[in-house]
Amino acid sequence: MKDDKDWFSEDAPKGFADRVLAKAEPMLKEKRSLNQRRWILFLLPSLAMSAAAFFWLRLRSDNQGAAFAKIDMDSLEMGQMLVESDELTAEGNGTDQFELLADLDVLEDFDEVEEFAKSESQES
Amino acid sequence: MTDNDIDQKLLADIAKGSSKSFRVLLEKYQNQVFGYCRKILEDKAMAEDIAQDTWIKIAEQAENYQPVGSVRSWILRIARNKCVDHLRSQKRWTELDDSETNQLKDEALNADELIQNFEEVSLLKQKISELPVEQRTILMMAMGENLELSEIAQQLGMSVSNVKVTLFRIRKSLREKLEGA
């Protein structure tokens, strides 16, 4: 026996393959479109999740930026308020408060402070 | 990559609807499928119809293929089932009787022994056509699909002993016919 796997082979009638293909084509077409739909169904949730993640990250970063900006604004306002309060104090005393404080630092006890204050008032 | 790996790849593509892969597989096995159906049915027009149905079923079931045996065996199994279904619908198929198996058990043989005894394939092919359809089918399963006796028994709902006995009878019958030729 030459080839026991193929001994029963017989030439199929002419045009057999074309006829089979023509018959099978609608089913194969259906399989193709089903396969495409499967891909879309598989890709859509992934795309939606990626988009959601992107927007969430972006929103989060915007919020953080706004919060930092707010902190900066608050600091600025507070600084401005301190400056204004210093100016008001200085205006009220007729002295430069910063200079006064600087001088006070040098003094060691209250007597000296009192003397200093007297001399200051006398001069004024 | 083996021949079977290529066939499996083709089937995977067919499952996705590739007409090109279907044509490649069809052109590769169309003669085997047609010849197989022709051997069982002994009618050219009927064999062509059943072979066509076989290929449609292959396209339909491509995604259900389990890579247990070879793709070739899977294709031939579909062809054989189509043939047997057709014969049953025509009431030309009689289930083989299990009752005489014990008497012939000792004389039974396996498929390899059966094949070894026939060297002249062309003469054998001619004589096979004279066998009853049920015997032809078992012979095709053993010699065409190269199935084990247990597989033939399982697929035809018979006992292994009965398959052995049937093969023994086939050999006896073919030997007589070949000696008389």
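In this report, we go over the structure that sits alongside the text. A quick note: this is a predicted structure, and the numbers were derived from the prediction, not measured.

**A word on helix α2 (residues 19-41) of chain B**
Residue and element names in this part refer to chain B. Compared with the 33 Å implied by 1.5 Å per residue over 23 residues, the 29 Å span of α2 between its first and last C-alpha is markedly short. If you look at α2, its biggest bend is around 55°, right at Tyr29. One or two residues past the end of α2 sits Glu42, with phi positive at roughly 60°.

**Observations concerning the side chain of Glu145(B)**
All names here are of chain B. For Glu145, the location among the structural elements is in the loop between α8 (133-144) and α9 (149-156). Note on Glu145: relative accessible area 3%, which makes it buried. Here the side chain of Glu145 touches Arg80 through a polar contact of 3.0 Å, side chain to side chain. Excluding its chain neighbours within four sequence positions, the residues that come into contact with Glu145 are Tyr36, Ser73, Leu76, Arg77, Arg80 and Met140.

**Quick notes on the packing of helix α4 (residues 71-89) of chain B against α8(B)**
All names here are of chain B. Contact geometry of α4 with α8 gives a least axis separation of 11 Å together with a crossing angle of 175°. Put simply, α4 runs roughly antiparallel to α8. For the pair α4 and α8, contact is made by Arg72, Leu76, Arg80, Val84 and Leu87 and by Val133, Thr137, Met141 and Gly144, respectively. Considering only residue class, the contact of α4 with α8 consists of 5 nonpolar, 2 polar and 2 charged.

The rules we used
- Residues numbered from 1 in each chain as written.
- Chains lettered and ligands numbered in written order.
- Predicted model: local features only at pLDDT ≥ 70, side-chain atom pairs only at ≥ 80, totals over all residues.
- Heavy atoms only, no water.
- Helix = DSSP H or I, 4+ residues; strand = E, 2+ residues; numbered from the N terminus.
- Expected span 1.5 Å × (residues − 1).
- Bend = angle between axes of the 7 residues up to and from the residue.
- Buried < 20%, exposed > 50% of the residue type's maximum accessible area, 1.4 Å probe, protein only.
- Polar contact = N/O pair within 3.5 Å; in protein donor to acceptor, adjacent residues only side chain to side chain.
- Contact = heavy atoms within 4.5 Å.
- Axes fitted to C-alpha atoms, helices over the stretch in contact; angles between N-to-C directions.
- Parallel < 35°, antiparallel > 145°, perpendicular 65-115°, else oblique.
- Nonpolar A, V, L, I, M, F, W, Y, C, P; charged D, E, K, R; others polar.

Any link to function would need more than the numbers given here.
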